[in-house]
Amino acid sequence: MGQIEYAAAVGVLGNDAEMSNVAYQDVAAAMKRAKAGSPLTQVTVVVPGTGAGRDVMKHLARSGGLANTLVLTLARVVELLAAPVLVPRLPLSYPLLEASVQKVLAEQPGLFEHVADQPITSLAIAGASLTLAGYPDPAVERPTKLVGDMLRVHNLATRAQSSAYYLPHEAYAAAMDRLDQLGKIIVFQPCETDPAALELLRAMQNRGETIEVDAEATGTTVVHTPDADDEVRAVSRKVRKHLAEGTPGHRIGVFYGNDDPYLHLIHEHFTNGGISISGPDCASLIDRPLARSLLALLALDVDLMPRRELLAILAERSLKRPEIGGEQISLRKLELLTRKYVPIVGGADWGRLAQVESSDRRYEQAQALHSFIEDLRTELRHITSAPTWTGASELLLDFIEQRFSTSSRGDDDPTTADAELLRQICGDLQAMDGIAPDLTAPRLVEALTVRIVSVRRTVGRSGTGVSIGPISAGVGRDLDICIVLGVAEGIVPARRREDPLLPAELTGRKPAAEIDGQHRQLMLTLGSGRHHRIITFPRGSLRGGAENVPSRWLIPTLEHLSGTKINVVDWQRQTRDVDTVVTVESFDVATQRFDPRIGSGAASPTEWRLRALAGVPARDRRYILGDSTVFRGMEMRSDRLNGRFTRYNGNVSAVSDLVRFFDRPVSPSRLEDWVASPYRFFVRTLLGVDALHDPDDEAQLDPLTRGNLIHATLEKYIKAVIDGRAATLDRLLGIADDVLESARIDAPGWLPQLWAKDSDIIRRDLVDWHEHDTRDRDGGWTPLGVERKFGGHPDLVQIDLGNAAIGFTGSIDRIDTHRDGRVRVTDYKTGLIDDYKGLSESEPTDGGTKFQLPVYGLFAATLGQQVSARYWFATSRGDFDSVEYNVTDAVIEILRTDLELVHRAVAAGYFPPRPPQTFWADPLVDLIGKPGLERAWVNLDNVPEIADYLAKHGA
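In this text, all values refer to a predicted model and were calculated from it rather than measured experimentally.

(A) Main features of the confidence of the model for the protein. For the protein, per-residue confidence averages 91 on the pLDDT scale, and 96% of positions sit at 70 or higher. Long-range and interchain partners of residues 1-17, a stretch whose pLDDT sits below 50, account for 50 contacts in this model, where long-range means more than four residues apart.

Given below as structure tokens:
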């Protein structure tokens, strides 16, 4: 097999030479010779790419040589000549080849027995097979076992389809026999890198004339930047500069060494800069919601139907959501329903939706979602268990129509086009019958993925806007300005990784030939710029790591521009004073100080704003742009940074009339929340914003749920005792078993082993609690009430603050009376006692931080004269200890004084950003941003509005 060979460079292209101009003059001259005075003589020009073909056609049209002339790429020549001869057979596409490889691996796995069912195996072998399909009889002496068995799979997979499909080597042979159909041949700037096609290309060169301008093209400008992001931003400025000077967009080409990260960055920065482009899209079909959602659905465990994954698919807004009365249920309502009201992880949990009572206001939502899940399960099972690929194809087409939104909502929405492509792909699956192994869910997903990934989009209209593409797309172009990005070692030339399936002896792809091919592509692309040839590279990586050095192929340009010898160690020092070697120091410097060599303009409107801001002192910047959004953002940053207590730091006194918190009875625990973190109180209590609980995150009981289960057990037990039932341990444990079993059924996601452990701990704690409670009752205490609610008529509880009053609401865990007439209120705690040791009759609110017990005492005072209040730590973690004090007039006076501060601040609209002082995780604070709260709080100093709060509660 032949390897790629190119002639040595015959010269160096400097600032005044024009490789593109010479090549295009030569092709026009060759056309005149081919026509030889007869304009209708058939001529075929073979070009290295579609962009070059378009440029050649334009040039020949201007020179009068386009009549009866075909301008074709090599691939198009092969298709044009071979397809009519090989009909009715069709070319074997990669997806079908991969399916055929899968079938061979399933039936005769050989060396690949242990990995035959892994998708990566068939993909790797099919990729190698596709390369070998260009050769009539690929073989190698003394192959390794791996290569030998790969060749076996390749031969079996391709021969099995030979009656209906043909391979590239057959097409090359058929095209070779029909070269006369092309008329006279002109091969323009050949740059073929596939050894399998090289023989056909050389045959065309031998039959015709070759236009080949070999030269070591050098750049006219080199730009190096900190990273690829700044590199593309600098190129955007450069392109805008040339556009402003009158260069048409279609006469500018921007080419890159790697799709990642350059293609995405070009789209981002050129779009932000208002630059029209023409070339590959940075997002393919698989990046779009429709295809992504379909693949994710088919990959779901249908029996489990995990809630988190399903709602993530629904969030893509391609899959239609459950409906009520023809209206889709909002994603927010579905999240609330399945996280908060009917917690679901997956599997049997979905059945709980059908158990929601018809009187529940979420009944319709629950029923609609339950039906949606059951129907979706059924349809997905039918698709993935279809007996044939044709059957699966038909079911998929119906599934897409019924379940997905397939119409675009605007001009920029590609949904309609995506849906049409997806229909074609699903229809193509019918060809898999007889080629692929039997259908399974993983094979269906893989087959769709292979086809979807292969769909590459383009943006813009061919011949308009700035051309973008990989370096190979610039070969043979005719441009005024050519820009090549990423010319650093490791990018250009690309790092070569050995493929153990395709040794060089098998393919003819020798490392030296591959490097030569890359170099030639770079030279021919760079040479396509008639007036400006700009080379850029990043000194570092967006992902970090070692510094980049200039490509070995950039050194000649640096030497040409500097007039001195350059090495990769001292290149920055050696080119420091060269005007045509431009250093971009950083994004900040490039934004604030324009470099006329790149352009006086900015890369985007954002940079214009940043440049305007950089030109004035910081204190004046908010007034510069006349942009209300920017003004508010800078005002917020300034206020927080400089410690001003404004609306950006929790001061809403300007609209304090909207703070109606005290219009109704309030819970004392809510007032404690304000003391602990006023800003969190504002967000959670006044705005009603909170982080949603996620059932998937729980493998076992959390402390709050454990406490709720103990509370529920004790509530039912004490209520039974009040109703006259015996206060026995068996009764307590029986109630506990019922409560725990109900919780186990209702709460998804708990691991059985951990649940058993937690249940045992709760039962042991209840045994010990019962012993303490028995001693308490033996001491003369008798339960009077359980979960006693107050706050409504006639159980009104309020405290007079002089010019205002606070009404309270709440529910007391337990009320006991003593045989001597005393009354005691109890609030159960299931944590540690440490945070409550400061409570006493002289410190009933622990410095104005805890209001629950004295407020409960206010209510209990209506039941008797001597009232005490206690926290009872009713688990082994709290040693069944208690904190108790008498609720006296002095206690109520302390409560009144402490509440005056809270009432005054809340009513005034003061909610400073003090973060809660706790070690417990708080999802809402994490969502707000705890570090940001801490910075804003630390900066608040000498603020009169919160001086009382700071004096009492400190920093």
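(B) The arrangement of the side chain of T121 in detail. On the secondary structure map, T121 appears in helix α5 (residues 119-132). Judged by relative accessible area, which is 10%, T121 ranks as buried. Engagement of the side chain of T121 in a polar contact is seen with the backbone oxygen of V115, the distance being 2.7 Å. Beyond its immediate stretch of four places on either side in the chain, T121 contacts L105, F112 and V115.

(C) Structural context of unusual backbone geometry. The step from D260 to P261 runs through a cis peptide bond, and the omega angle for that step is 10°. In this model, V492 is joined to P493 through a cis peptide bond whose omega is 0°. Among the structural elements, P493 can be located in the loop between β16 (479-485) and α18 (504-507). Backbone geometry at N68 places phi at a positive 55°, although glycine is not the residue there. Topologically, N68 is positioned in the loop between α2 (50-63) and β3 (69-73). A relative accessible area of 42% places N68 in the partly exposed class.

(D) Inspection of helix α4 (residues 94-107) at higher detail. Spanning 14 residues, α4 covers 20 Å between terminal C-alpha atoms, matching the ideal 20 Å at 1.5 Å per step. Here α4 lies mainly inside the structure; 10 of its 14 residues are buried. If you check which residues of α4 are buried, you get P95, L96, L97, E98, A99, S100, V101, Q102, V104 and L105. Among the structural elements, α5, α6 (145-159), β5 (165-166) and α17 (441-453) are those in contact with the buried residues of α4.

(E) Looking closely at the sheet that holds strand β19 (residues 781-790). Strand order in the open sheet made by the 5 strands is β19-β22-β23-β24-β25, with mixed pairing throughout. Of all strands in the sheet, those bounded by a partner on one side alone are β19 and β25 (882-886). Strand-to-strand twist of the sheet, defined as the mean angle between neighbouring strand axes without regard to direction, takes the value 25°. The sheet contacts of helix α27 (residues 703-722) involve β19, β22 (810-818) and β23 (823-829), and relative to β19 the element is tilted by about 120°.

(F) Here's a closer look at the layout of surface pockets. Size it by volume and the second largest pocket reaches roughly 1,100 Å³. Lining the second largest pocket are 48 residues, with P48, G49, T50, T73 and A75 positioned closest to its centre. Sort the elements by how many residues they give to the lining of the second largest pocket and helix α3 (residues 74-86) lands first, with 5 residues.

(G) Quick look at the packing of aromatic side chains. Scanning the model with the defined rule gives 19 aromatic pairs in all. Measuring from ring centre to ring centre gives 6.3 Å for Y679 and F682, while their planes differ by 45°; the resulting arrangement is tilted. With Y679 and F682 both in helix α26 (residues 678-686) and 3 residues apart, this pair spans about one turn of that helix. According to the relative accessible area criterion, F682 is buried, its value standing at 16%. Aromatic pair F790 and F859: ring centres 5.4 Å apart, planes at 15°, arrangement stacked. With F790 in strand β19 and F859 in helix α30 (residues 852-860), the pair connects residues that are 69 residues apart, well separated along the chain. In this structure F790 comes out as buried when scored by relative accessible area, which is 4%. Taken together through their ring pairs, the aromatic side chains of F661, F662, Y679, F681, F682 and F911 make up a single cluster.

(H) Region of interest: empty space enclosed by the protein. All chains considered together, the criterion is met by 1 cavity of 30 Å³ or more. In this structure, the largest cavity occupies an estimated 40 Å³ of space. Looking at the lining of the largest cavity, the element that brings in the most residues is helix α1 (residues 19-35), giving 4 residues. Partitioning the lining of the largest cavity into residue classes produces 5 nonpolar, 5 polar and 1 charged.

(I) Inspection of the pairing of β3 at higher detail. Of all 5 residues in β3, 4 are buried; the element is thus mostly enclosed. Taken together, the 5 bridges between strand β2 (residues 43-47) and β3 define a ladder with parallel strand orientation. Pairing of V47 across the sheet is with T73, part of β3.

(J) View of the packing of helix α25 (residues 668-676) against helix α31 (residues 889-908). Remark: α25 packs on α31, axes separated minimally by 11 Å, with the N-to-C direction vectors making an angle of 75°. One way to sum up the angle between α25 and α31 is to call them roughly perpendicular. Taken together, the residues of α31 that come into contact with α25 (itself represented by L671, W674 and V675) are L899, L901, V902, A905 and V906.

(K) Here's a closer look at the sheet that holds strand β7 (residues 209-211). Reading across from one edge, β3-β2-β6-β7 is the order of the 4 strands in this open sheet, with parallel pairing throughout. Two strands close off the open sheet at either side, each with one partner strand: β3 and β7. Between one strand and the next, the sheet's axes are offset by a mean angle of 20°, whatever the strand orientation. Set on the sheet, α3 makes contact with β2 and β3; between it and β3 the angle comes to about 115°.

Rules behind the numbers
Residues numbered from 1 in each chain as written. Predicted model: local features only at pLDDT ≥ 70, side-chain atom pairs only at ≥ 80, totals over all residues. Heavy atoms only, no water. pLDDT = per-residue confidence, 0-100. Contact = heavy atoms within 4.5 Å. Helix = DSSP H or I, 4+ residues; strand = E, 2+ residues; numbered from the N terminus. Buried < 20%, exposed > 50% of the residue type's maximum accessible area, 1.4 Å probe, protein only. Polar contact = N/O pair within 3.5 Å; in protein donor to acceptor, adjacent residues only side chain to side chain. Expected span 1.5 Å × (residues − 1). Pairing = 2+ DSSP bridges. Axes fitted to C-alpha atoms, helices over the stretch in contact; angles between N-to-C directions. 1 Å grid on protein atoms, 1.4 Å probe; cavity = no way out; pocket = protein on both sides within 12 Å on 5 of 7 lines; lining within 4 Å. Points joined across faces, edges and corners; volume = space filled by probe spheres on them. Phe/Tyr/Trp six-rings, centres within 6.5 Å; stacked < 30°, edge-to-face > 60°. Nonpolar A, V, L, I, M, F, W, Y, C, P; charged D, E, K, R; others polar. Parallel < 35°, antiparallel > 145°, perpendicular 65-115°, else oblique.

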